[in-house]
Amino acid sequence: MYSSYQRAEQSIRFTSRGDAPLRANEETLSEYRRLYRAAFAPETLRHLDHCQKQFSRWCLKNGFSDQPPISPLQISKYVESLGGVVSTQTIKNRVWAIGELHKSHFLPSPCKHRLVVITVRAMQRRYGAAVKQAPALCRAEIVDMCNRLGNSPIDVRDKALILTASDTWCRASEIVAMRVKDVEQQPDNSGTVFLRNSKCDPYGRGEHAYLSTHGFRAIMHMIESAEKQPEDFLFSSFRGRSPGGQLAPTTVSRILKKVSGRPEVSAHSTRIGGVHDALRLGCDLVQIMTSGRWASPEMPAIYGRKLMASKSAAADVCRAYEDLFRNSD
């Protein structure tokens with residue numbers, strides 16, 4: 001079962017006799033891993049490390065080796081053990097991480113083996129592929145949240161951050177990466193913020209996101225109060241790290257939970273709320289994709305699917321004939 005993977009490993013490590021080629025190839029492997037970590041976003045790398053650690057724990061518990069090459073049968077057993085415990089998307093992420101582990105050793109991925117593919121499909125069919133979606137934080141609730149905040153330094157920061165998240169539909173990783181110099185005022189007293197990198201722009205072509213007049217004013221008030229400099233991070237930590245240090249992406253979710261009083265919301269809730277508000281106002285999918293910087297319509301369609309049910313043709317037909325029920329009562 002392992003022979004093809006062993007041959008691939010030998011072709012990389014032992015291209016000729018003697019110690020020199022082995023040292024060279026070890027250097028190549030080391031350099032590949034170093035550059036791999038420079039090629040992906042920190043959040044992606046954290047997720048990769050987490051998935052690989054979870055797999056290693058399972059291997060240790062069940063008497064398997066976690067070092068490649070790993071047999072498709074072992075991965076199939078691992079996937080089955082995850083069924084009904086984690087979501088189907090998490091299973092796919094764990095399988096992806098095992099594949100990346102093999103790539104880091106210049107080995108073919110066993111995750112493409114038909115046994116692994118069919119096991120993942122079987123878990124999807126048995127347990128469903130529904131994705132748990134964060135609840136929406138729509139604009140009306142955002143305004144109410146901001147109106148409840150006071151004038152302490154933390155409240156000033158939280159108000160600016162909440163409005164920025166709601167205005168721009170930015171992801172948490174994009175929000176915490178913003179710097180003071182990225183914010184620019186527009187002639188109508190609204191603003192824009194320059195996004196140097198994003199999930200759909202990993203190579204830094206850059207995007208501009210809109211800031212409302214209220215959002216821009218809240219940001220300027222925070223900048224002036226904290227005496228921030230152009231190179232400073234726009235949103236700074238107050239505890240746990242040195243003052244002025246970059247926030248962790250998870251802090252964005254914690255702020256939204258705290259201020260809204262809703263423990264179930266997350267940093268994605270403002271993106272979902274933006275989509276809901278846009279659909280209510282009659283914005284089309286192209287406008288929504290542009291605002292949220294989505295590369296495809298799949299995610300905004302998923303975010304808005306519950307709301308779209310009440311805007312469907314079936315809903316319109318039901319409303320058109322509603323009077324017939326009233327007349328028959």
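Remember, it's a predicted structure, so these values are computed and weren't measured experimentally.

Draft legend 1. Highlighting the overall build of the chain. Along the backbone of the chain there are 17 helices and three strands. For the chain, the proportion of its 329 residues judged to be buried stands at 40%. For the chain, long-range pairs separated by at least 24 residues make up 62% of all intrachain contacts whose partners lie at least 6 apart in sequence.

Draft legend 2. Seen up close, the nonpolar core. Among the nonpolar cores identified, the biggest contains 36 residues, and Ile162, Ile175, Met178, Leu234, Phe235 and Val252 are the most heavily contacted of them. Mapped by element, the contributors of at least two residues to this core are α7 (139-148), α8 (153-168), α9 (172-177), β2 (191-195), β3 (207-211), α10 (213-226) and α11 (249-260). No other element matches the six residues that α8 contributes to this core. Not counting residues within four places of it along the chain, the set of residues in contact with leucine 234 comprises Met178, Arg179, Val180, Val183, Ile219, Met222, Ile223 and Lys228. Grouped together as the second largest cluster of nonpolar side chains are 16 residues, Ile75, Ile91, Val120 and Met123 included.

Draft legend 3. The arrangement of the pairing of β2 in detail. Across the five residues that make up β2, a large majority, four, are buried. Bridge count for strand β1 (residues 183-185) against β2 is three bridges, and the pairing is antiparallel. Bridge assignment links valine 183 to a residue of β2, and that residue is valine 193. Where β2 lies against β3, five bridges are found, and the strand directions are antiparallel. Across the sheet, residue glycine 191 finds its bridge partner in β3, namely leucine 211.

Draft legend 4. Representation of the sheet that holds β2. The strand order across the open sheet built from three strands is β1-β2-β3, with neighbouring strands paired in antiparallel fashion. The open sheet has two free edges, formed respectively by β1 and β3, since each of these has just one partner strand. Pairwise comparison of adjacent strand axes, ignoring direction, gives a mean angle of 30° for this sheet. The sheet strands contacting α10 are β1, β2 and β3, and the helix crosses β1 at an angle near 120°.

Draft legend 5. Structural detail: a nonpolar patch on the surface. A cluster of nonpolar side chains, contributed by Val317, Tyr321, Leu324 and Phe325, occupies part of the molecular surface with about 460 Å² of accessible area. By secondary structure assignment, the location of valine 317 is in helix α16 (residues 313-320).

Draft legend 6. Molecular detail of the pattern of salt bridges. Within this structure, the stated rule accounts for 13 salt bridges. Arginine 34 serves as the salt-bridge partner of glutamate 31, at 2.5 Å between the closest nitrogen and oxygen. With glutamate 31 and arginine 34 both in helix α2 (residues 19-39), this residue pair falls three residues apart, about one helical turn. Aspartate 182 is paired through a salt bridge with arginine 196; the nearest N and O atoms lie 2.7 Å apart. Of this pair, aspartate 182 sits in the loop between α9 and β1 while arginine 196 sits in the loop between β2 and β3, and the two are 14 residues apart along the sequence. By relative accessible area, aspartate 182 is classed as buried at 5%. On the accessibility criterion, arginine 196 (36% relative accessible area) is partly exposed.

Draft legend 7. View of the packing of aromatic side chains. In total, this model carries seven aromatic pairs according to the counting rule given. Plain terms: the ring middles of tyrosine 36 and phenylalanine 40 are 4.7 Å apart, the flat faces sit at 40° to each other, and that makes the pair tilted. A relative accessible area of 14% means that tyrosine 36 is categorised as buried. Consider the rings of tryptophan 58 and tyrosine 78, whose centres lie 5.1 Å apart with planes at 55°: the pair is tilted. Placement of tryptophan 58 in helix α3 (residues 42-62) and of tyrosine 78 in helix α4 (residues 72-82) is noted, with a sequence separation of 20 residues between them.

Draft legend 8. View of the confidence of the model for the chain. Per-residue confidence for the chain gives a mean pLDDT of 84, with 87% of residues at or over 70. Here residues 1-24 is modelled with pLDDT under 50, and outside its nearest four sequence neighbours on either side it reaches 30 contacts, counting other chains as well.

Draft legend 9. Representation of unusual backbone geometry in the model. Of the consecutive residues proline 68 and proline 69, the connecting peptide bond is found in the cis state with omega at 5°. Positionally, proline 69 belongs in the loop between α3 and α4. The phi angle at phenylalanine 106 is positive, at roughly 60°, despite the residue not being glycine. Along the chain, phenylalanine 106 falls in the loop between α5 (88-103) and α6 (114-127). With a phi angle near 70°, asparagine 189 is a residue other than glycine that sits in the positive phi range. Of note, asparagine 189 is situated in the loop between β1 and β2.

Basis of the calculations
- Here the residue numbering is sequential within each chain, running from 1 through the sequence in written order.
- With the structure being a predicted model, the display of local features is reserved for residues of pLDDT at least 70 and the display and counting of side-chain atom pairs for 80 or more, all residues being used for whole-chain, interface and lining totals.
- Excluding hydrogens and water, the side-chain figures rest on all heavy atoms present in the structure.
- By the criteria applied, helices consist of DSSP H or I runs no shorter than four residues and strands consist of E runs no shorter than two, each listed in order from the N terminus.
- For every residue, the accessible area (1.4 Å probe, protein chains only) is compared with the maximum for its type, and the residue is labelled buried under 20%, exposed over 50%, or partly exposed between those bounds.
- When checking whether two residues touch, look at their non-hydrogen atoms; a contact exists if any pair is within 4.5 Å.
- Put simply, a nonpolar core is a bunch of buried Ala, Val, Leu, Ile, Met, Phe, Trp, Tyr and Cys residues held in one set by side-chain atoms that sit within 4.5 Å of each other.
- For two strands to pair, DSSP has to find at least two bridges joining them.
- Interaxial angles span 0 to 180 degrees and are taken between N-to-C directions of axes, which are lines fitted to C-alpha atoms, for helices over the stretch in contact.
- Each patch is assembled from residues with relative accessible area greater than 30% and no salt bridge, linking like charges that lie within 9 Å and nonpolar side chains (Val, Leu, Ile, Met, Phe, Trp, Tyr) that lie within 5 Å.
- Here the Shrake-Rupley method, with its probe set to 1.4 Å, supplies the accessible areas, and only the displayed protein chains count as covering residues.
- By definition here, a salt bridge exists when the distance from a side-chain nitrogen of Lys or Arg to a carboxyl oxygen of Asp or Glu is within 4 Å.
- Pairing of aromatic side chains requires ring centres within 6.5 Å, counting the rings of Phe and Tyr and the six-membered ring of Trp. Pairs whose planes differ by under 30 degrees are stacked, by over 60 edge-to-face, and all others tilted.
- pLDDT measures how confident the predictor is about each residue, on a scale from 0 to 100.

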